[in-house]
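Listed below are the residues making up each chain.
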Amino acid sequence: MMKNITMGQYYPVDSWVHRLDPRTKIVLTIAMIVAVFMVHSLAGYALVLGFVYLASRLARIPFKMLLRGVKPLRIILILTFLLNLFFNNGTTLLVEWGFLRITQEGLSQAVHYSLRLVFLVLGTSLMTLTTSPIALSDGIEMLLSPLKKLHFPAHELAMMMSIALRFIPTLMEEADKIMKAQMARGADFESGNLLARAKAMVPLLVPLFVSAFRRAGDLAMAMESRCYHGGEHRTRLRVLKITKNDYLAAACVALLIGLIVLEGWAVPAVLAAVKGLMA
Amino acid sequence: MPIEVKHLTHTYSAGSAFQSTAINDVNLTIEDGEFVCIVGHTGSGKSTLVQHLNGLLKPSSGQILVDGEDMNGDSVDKRRIRQRVGLVFQYPEYQLFEETVAKDVAFGPKNQGLSADEIDRRVRRAMAHVHLDYDKYAERSPFELSGGQMRRIAIAGVLAMEPAYLILDEPTAGLDPKGRDRILGMIQDLHREGVTVVMVSHSMDDCARLATRMIVMSKGAVVASDTPRNLFAQPDMMSGVGLGVPEAAQLCAKLRARGLDLPADLYTQEELHEHLLRLWKEAGR
């Protein structure tokens, strides 16, 4: 029942996107998200959607799987949409119904914010689906390493992240097992009101925490016994290397950003100028 | 009334890159009063199979009938069936959660909606079954007990629901020999009292000692279902699916190869011991 979480899950196939340097993917994902926030028209979103679709084809990830990652966010999405739709001080009134009023500005803001959220998730899912957790935390560590001079614990942070990511599937499996064991004893996780359901989680959460602490203790012991000392003097099995493909990927994203800028500012500016000339 | 499994197939994550068929077209019947041991190599589908027997997994196709009733039928209350078919998971001590042992054992019967008196009676009875003194342990925290004791508490938690069928998935995994003998002795006592037992096991010696019938699984299918005596007389078939035979049967085969006149179907230590003594006495005469 908990196997439908796409976000943060690695999809192990071999593809052009999978082989990109994790640093490239992190930076480009951030760039793409920033680009999404510059979009001001539906055509711009269509552009981004097309890009994400092509990228998913290139990564050999079923587009449906990518979309499934948005599903857990549906409540937040609906809330975002409704809040922006109804609570906006726009002036161009579209519909008025009692104290509820929908304005042109409200509608467009609601659409923008929800679409941005969707693309935020799509973009990051694309990254995590194509990058193994280890590569991802390696990439983050490398990107943050200039901050080491300011005594920022980049290695420790990356290690914590990779451990956390590494244990998500383990804990999910464990939760599934404990849940089944309690269901075999007649526990009911699915019916009752909110309070009853929250109470029903106790038989799941207590054993889960106990086992998480046990695992943490075991892991610390195992690291200690292999003389783990943090980042100093550690070499890597996989040395990250920027290749031609990474530049190509960067160029693609740059092209996308260029198109968005062109579509968002240049086109309206030209249209306005043409209109001005005609008048 | 028996548990019947008909054409059971289960596929995990159907339709994705992670798809795998754990069991494929399994048919079997577990009769009342049997002590069935399910054996098979790691990944042969044993755990998947037993989770179907009390409705924790839903078949991809096929049926499971408990006392003639289709477990996955529309109007069937699965909780009622789970009370009849008790399932003890692997490492069941990881499911303990209550503040006291008595409360943890009472979790199952409490979910059944029984009266306080009945719950108390069952908790006492279940704890007696697993040889833990009620007065000594009832009010202690389950987390301060030893591993073997925790496992017995967890088993008591299932026994307290008084199931007619008891299914155990490797109940002795990770225990020392003494703890193992104690748990197996408990299970044997329950079987004598009339509980039908299904046990998943890796230990051929345990199966030899306890089973009235063994089910051998390999790659998601049942490849043999027979008495331990008949199965252990075919060591080649057993090793073909990655399994061995009990130590006594191994020793017996070696002795036969050296020319000793021993029957092919010896598999318990007691039998071997007896035969060897007789041969020795005869030779002495």
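One numbering rule holds for all chains: residues counted from 1, following each sequence as written. Chains carry letters and ligands carry numbers; both start at the beginning, A for chains and 1 for ligands, and go up in the order they are written. Selection of residues for local features in this predicted model requires a pLDDT of at least 70, selection of side-chain atom pairs for listing and counting requires 80 or more, and totals for whole chains, interfaces and linings are taken over all residues.

Next up on the list: the overall build of chain B. Strands here mean DSSP runs of E at least two residues long; helices mean DSSP runs of H or I at least four residues long; both are numbered from the N terminus. Within chain B one finds 12 helices and 10 strands. The reference for a compact globule is 2.2 Å times residues^0.38; the radius of gyration itself is calculated from the C-alpha atoms. Over its C-alpha trace chain B gives a radius of gyration of 21 Å, about what one expects of a compact globule, namely 19 Å for 285 residues. Once the C-alpha set of chain B is aligned to its principal axes, its extents read approximately 70 × 50 × 35 Å. A pair of residues counts as a contact when their C-beta atoms, built from backbone coordinates, are within 7 Å of each other. Relative to all contacts within chain B whose residues are 6 or more apart in sequence, the contacts with residues 24 or more apart total 65%.

Contacts between chain A and chain B engage 18 residues on the former and 22 residues on the latter. For the side of chain A that touches chain B, the secondary structure elements donating two or more residues are α8 (154–184) and α10 (202–225) of chain A. Per element, the largest residue contribution to the side of chain A that touches chain B is seven residues, and it comes from α8(A). When residues are sorted by character, Ala, Val, Leu, Ile, Met, Phe, Trp, Tyr, Cys and Pro go into the nonpolar class, Asp, Glu, Lys and Arg into the charged class, and all the rest, Gly among them, into the polar class. Here the side of chain A that touches chain B is composed, by residue class, of 11 nonpolar, three polar and four charged.

Another aspect to go through is the pairing of strand β9 (residues 213–218) of chain B. Residue and element names in this part refer to chain B. Pairing of strand β3 (residues 35–40) with β9, which is carried by five bridges, proceeds in the parallel orientation. Within β9, the position partnered with valine 36 by the bridge is arginine 213. As paired elements, β9 and strand β10 (residues 221–226) share five bridges and run antiparallel to each other. By the bridge assignment for β10, isoleucine 215 is matched with serine 225. Here the rule is simple: two strands pair whenever DSSP picks up at least two bridges between them. Linkage of β9 to β10, two consecutive antiparallel strands, is achieved through a turn of two residues, within which lysine 219 is found at a positive phi near 50 degrees.

Moving on, we come to the sheet that holds strand β7 (residues 165–169) of chain B. All names here are of chain B. As summarised here, the arrangement of the six strands in space is β6-β7-β8-β3-β9-β10, forming an open sheet in which the pairing is mixed. The sheet is open, and its two edges are formed by β6 (85–88) and β10, each paired on a single side. Ignoring which end each strand starts from, the neighbouring axes of this sheet average 15 degrees apart. Lying over the sheet, helix α1 (residues 46–53) contacts β3, β6, β7, β8 (196–200) and β9, oriented at roughly 150 degrees with respect to β8. Between N-to-C directions, angles span 0 to 180 degrees; the directions come from axes that are lines fitted to C-alpha atoms, helices contributing only their stretch in contact.

This part is about the environment of His155(A). Residues and elements named next belong to chain A. Mapped onto the elements, histidine 155 comes out in helix α8. A tally of 17 C-beta atoms within 10 Å means that histidine 155 is categorised as partly exposed. Considering only alpha carbons, one finds histidine 155 and methionine 142, 13 residues apart in sequence, at a separation of 8.6 Å. Counting other C-beta atoms within 10 Å of a residue's C-beta gives its exposure: the residue is buried at 20 or more, exposed at 12 or fewer, and partly exposed in between, where C-beta atoms are placed from the backbone.

How big an interface is tends to be stated in terms of accessible area lost as the parts join. Residue and element names in this part refer to chain B. Considered domain by domain, chain B is made up of domain 1 (3–245) and domain 2 (246–285). For the purposes of this description, domain bounds are those given by an automatic or database domain assignment. Look at where the C-alpha atoms of domain 1 and domain 2 centre, and you get two points 34 Å apart. The partner domain 2 presents nine residues to the 10 residues of domain 1 that form the contact. Of all the secondary-structure elements, those providing two or more residues to the side of domain 1 that touches domain 2 are α8 (204–210) and α9 (228–232). Considering every element that reaches the side of domain 1 that touches domain 2, the biggest residue donor is α8, with four residues. Class assignment of the residues belonging to the side of domain 1 that touches domain 2 gives a composition of seven nonpolar, no polar and three charged.

All names here are of chain A. In contact at an axis separation of 8 Å, helix α2 (residues 22–38) and helix α7 (residues 133–144) are set at 75 degrees when each is read in the N-to-C sense. Here α7 runs roughly perpendicular to α2, going by the angle between their axes. Each of Pro22, Arg23 and Ile26 in α2 lies in contact with α7, whose residues at this interface are Ala135, Leu136, Asp138, Gly139, Ile140, Met142 and Leu143. Residue classes in the contact of α2 with α7 are distributed as seven nonpolar, one polar and two charged. Working definition: roughly parallel below 35 degrees, roughly antiparallel above 145 degrees, roughly perpendicular at 65 to 115 degrees, and oblique for all remaining angles.

What follows concerns α8(A). Each helix should span, by expectation, one fewer than its residue count multiplied by 1.5 Å. With 31 residues, α8(A) extends 45 Å from end C-alpha to end C-alpha; this agrees with the ideal 45 Å at 1.5 Å per step. At every residue, the bend is computed as the angle between two fitted axes, covering the seven residues ending there and the seven beginning there respectively. Along α8(A), the largest kink reaches about 35 degrees and is centred on Ile168(A); proline Pro169(A) follows within four residues of it. Here α8(A) has its buried residues at Ala158(A), Lys177(A), Ile178(A), Met179(A), Ala181(A), Gln182(A), Met183(A) and Ala184(A). Where the residues of α8(A) are buried, they touch α7 and α10 of chain A together with α2 (78–84) and β6 of chain B. Trailing α8(A) by a residue or two, Gly186(A) shows a phi angle of about 85 degrees, which is positive.

Moving on, we get to the sheet that holds strand β4 (residues 61–66) of chain B. Residue and element names in this part refer to chain B. Taken in spatial order, the four strands of this open sheet run β2-β1-β4-β5, and their pairing is antiparallel. Taken across any chain shown, the strands that pair with only one partner, and hence form the sheet edges, are β2 (20–30) and β5 (69–70). Direction of pairing for strand β1 (residues 3–12) relative to β4: antiparallel, over a ladder of five bridges. The residue of β4 that forms the bridge with valine 5 is isoleucine 64.

What follows deals with unusual backbone geometry. For His151(A), which is not glycine, the phi dihedral falls at a positive 60 degrees. With respect to the helices and strands, His151(A) occurs in the loop between α7 and α8.

All names here are of chain A. Its place among the elements puts arginine 74 in helix α5 (residues 74–86). The class of arginine 74 is exposed, set by 9 C-beta atoms lying within 10 Å. Separated by 183 residues in the primary sequence, arginine 74 and isoleucine 257 place their C-alpha atoms 27 Å from one another.

The next thing to look at is the packing of α2(A) against helix α6 (residues 104–130) of chain A. All names here are of chain A. Between α2 and α6, whose axes approach to 10 Å, the crossing angle comes to 170 degrees. Relative to α6, the element α2 lies roughly antiparallel. Residues Lys25, Ile26, Thr29, Met32, Ile33, Val36 and Phe37 of α2 lie in contact with α6, whose contacting residues are Arg116, Phe119, Leu120, Gly123, Thr124, Met127 and Thr130. Residues that form the contact of α2 with α6 fall into these classes: eight nonpolar, four polar and two charged.

The nonpolar core criterion groups buried Ala, Val, Leu, Ile, Met, Phe, Trp, Tyr and Cys residues into a set whenever they are joined through C-beta atoms within 7 Å. Residues Cys37(B), Ile38(B), Val105(B), Ala156(B), Ile167(B) and Val198(B) are the most contacted members of the largest nonpolar core, which totals 86 residues. When residues of this core are assigned to their parent elements, the largest contribution, seven residues, is made by helix α6 (residues 147–159) of chain B. Among the domains, domain 1 (3–245) and domain 2 (246–285) of chain B are the pair contributing at least three residues each to this core. The residues touching Ala156(B), leaving out its near neighbours within four places in the chain, are Val105(B), Ala126(B), Met127(B), His129(B) and Val130(B). Counting residues in hydrophobic clusters, the runner-up holds 25 residues, among them Val48(A), Leu126(A), Met127(A) and Ala249(A).

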